[in-house]
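Below, each chain spelled out in residue letters.
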Amino acid sequence: MERVVVTGLGIISPLGCSIADFWQGLCAGRSGVVALTDESFAGLRTRIGALVTGFDASAHFDRKEAHRLSRSSQLAIAATAQALADAQLTAEQTSFADVAVIIGSTIGGFAASDPHFKSFYQRGHTSPLTIPVSMNVGPAANVSIRFGFQGPLLNVD
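These numbers were taken from a predicted model, which means no experiment stands behind them. (Residues numbered from 1 in each chain as written. Predicted model: local features only at pLDDT ≥ 70, side-chain atom pairs only at ≥ 80, totals over all residues. Heavy atoms only, no water.)

Draft legend 1. Spatial organisation of the packing of helix α3 (residues 71-87) against helix α6 (residues 138-147). At a closest axis distance of 8 Å, the pairing of α3 and α6 adopts a crossing angle of 45°. One finds that α3 runs oblique with respect to α6. By crossing handedness, the relation of α3 to α6 is classed as right-handed. Between α3, through Ser72, Ser73, Ala76, Ile77, Thr80, Ala81 and Leu84, and α6, the contact on the second element is made entirely by Gly138, Pro139, Asn142, Val143, Arg146 and Phe147. Split by residue class, the contact of α3 with α6 holds 7 nonpolar, 5 polar and 1 charged. (Axes fitted to C-alpha atoms, helices over the stretch in contact; angles between N-to-C directions. Helix = DSSP H or I, 4+ residues; strand = E, 2+ residues; numbered from the N terminus. Parallel < 35°, antiparallel > 145°, perpendicular 65-115°, else oblique. Left-handed = near helix turned anticlockwise from the far one by under 90°. Contact = heavy atoms within 4.5 Å. Nonpolar A, V, L, I, M, F, W, Y, C, P; charged D, E, K, R; others polar.)

Draft legend 2. Up close: the environment of Val99. Relative to the helices and strands, Val99 resides in the loop between α3 and β3 (101-104). With 45 residues separating them along the chain, Val99 and Ser144 place their C-alpha atoms 8.9 Å apart.

Draft legend 3. Layout of the confidence of the model for the chain. On average, residues of the chain score 88 in pLDDT, and 98% of them are at 70 or above. Looking across the chain, the model is least confident in helix α5 (residues 130-134), with a mean pLDDT of 78, and most confident in helix α1 (residues 19-27), with 96. (pLDDT = per-residue confidence, 0-100.)

Draft legend 4. Summary view of α6. In terms of burial, α6 is a largely internal element, 8 of the 10 residues being buried. Among the residues making up α6, those that are buried are Gly138, Pro139, Ala140, Ala141, Asn142, Val143, Ser144 and Phe147. Looking at the buried positions of α6, the neighbouring elements they touch are α2 (63-68), α3, β3 and β4 (153-156). Backbone geometry just downstream of α6 places Gly148 in the positive-phi region, at approximately 80°. (Buried < 20%, exposed > 50% of the residue type's maximum accessible area, 1.4 Å probe, protein only.)

Draft legend 5. Spotlight on the nonpolar core. Judged by nonpolar contacts, the single largest core of 21 residues is most densely connected at Ile12, Phe55, Val143 and Phe149. Listing elements by their share of this core, those giving two or more residues are α3, β3 and α6. By residue number, the principal contributor to this core is α3, which donates 6 residues. If sequence neighbours within four positions are ignored, Val143 has contacts with Ala76, Ile77, Thr80, Val101, Ile103 and Phe149. (Core = buried A, V, L, I, M, F, W, Y, C linked by side-chain atoms within 4.5 Å.)

Next comes the structure, spelled out in structure tokens:
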């Protein structure tokens, strides 16, 4: 059996977009679950959800890159960047060929595919980004690509 070592932490969550904010929220007993009042949730039967607020994609990605990444991939990349910084891990210190990426993502960027499918049904064509932005393995694949990890890649649904 191989050992797994957690060397750094990173998180983007409804309780905060940093380990410090997340931990403070946990210790204060705050819940990340809120009322879903936005118009985009009007058709849902549920009225509650856990939304990540306070995440600024422009702090992590240029406009072009943000456009080709689903929100779930953006959140995964930002959390990974935090974990790497926390671990002070660099390519010089380890072989990125040995770094595995395992991320739990059930629907990946499924919501990000909506505009692509809408375009298909309205105009008869769609973007080549439709599949890459909507696949459930997208967050793990984009983390690997962004940081140059070449080890095993696994998405856990």
